[in-house]
Amino acid sequence: MICMVLPCVRIWSDKCSSKYGRRRPFILAGSLMISVAVTIIGFSADIGYLLGDADEDHRNFKGT
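Residues numbered from 1 in each chain as written. Predicted model: local features only at pLDDT ≥ 70, side-chain atom pairs only at ≥ 80, totals over all residues. Heavy atoms only, no water.

(A) Focus on the overall build of the protein chain. Within the protein chain, the secondary structure is distributed over 3 helices and 0 strands. Here the protein chain holds 64 residues, and 6% of them are scored as buried. Of the roughly 5,700 Å² of accessible surface on the protein chain, 67% is carried by carbon and sulfur atoms. (Helix = DSSP H or I, 4+ residues; strand = E, 2+ residues; numbered from the N terminus. Buried < 20%, exposed > 50% of the residue type's maximum accessible area, 1.4 Å probe, protein only. Areas by Shrake-Rupley, 256 points an atom, 1.4 Å probe, with all protein chains shown as cover.)

(B) Fine view of the confidence of the model for the protein chain. Looking at the protein chain, pLDDT values average 82 and 83% of them are 70 or higher. The secondary structure element of the protein chain with the lowest average pLDDT is helix α3 (residues 44-50), at 82, and the one with the highest is helix α2 (residues 24-42), at 92. (pLDDT = per-residue confidence, 0-100.)

(C) Main features of the pattern of salt bridges. Scanning the model with the defined rule gives 2 salt bridges in all. Salt-bridge contacts for R22 lead to D14; the nearest nitrogen and oxygen are separated by 3.8 Å. The salt bridge involving R23 is made with D14; its shortest N-O contact spans 3.2 Å. Linked through salt bridges whose partners overlap, the residues forming this network are D14, R22 and R23. (Salt bridge = Lys/Arg side-chain N within 4 Å of Asp/Glu carboxyl O.)

(D) Structural view of the side chain of S13. By the secondary structure assignment, S13 is in helix α1 (residues 2-15). On the basis of relative accessibility, which here comes to 3%, the residue S13 falls in the buried class. If we skip the residues at most four places from it in the chain, S13 touches R22, R23 and F26. (Contact = heavy atoms within 4.5 Å.)

(E) Seen up close, a nonpolar patch on the surface. Judged by side-chain polarity, V36, I40, F43, I47 and L51 come together as a nonpolar surface patch covering roughly 460 Å² of accessible area. Considering the arrangement of structural elements, one finds I47 in helix α3. (Patch = residues over 30% accessible without salt bridge, like charges linked within 9 Å, V, L, I, M, F, W, Y side chains within 5 Å.)

(F) Spatial organisation of the environment of P25. Here P25 shows up in helix α2. Taking the relative accessible area as the measure of exposure, P25 reaches 28% and is therefore partly exposed. Sequence separation between P25 and S13 is 12 residues; the distance between their C-alpha atoms is 8.5 Å.

Structure follows, in structure tokens:
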């Protein structure tokens, strides 16, 4: 997956003419996506429970 995405992002960033520069918008977008992904991973047990996991598979600790 990364072998396909990384070259595309490089091409897009080279053609980018943002007032913030060529790389900064992509760094910001990537950072935001990683932050969301890490948050989802942290709450994955709670999200699984909300989506219908069996009660015996769920731990008592809530992410908050």
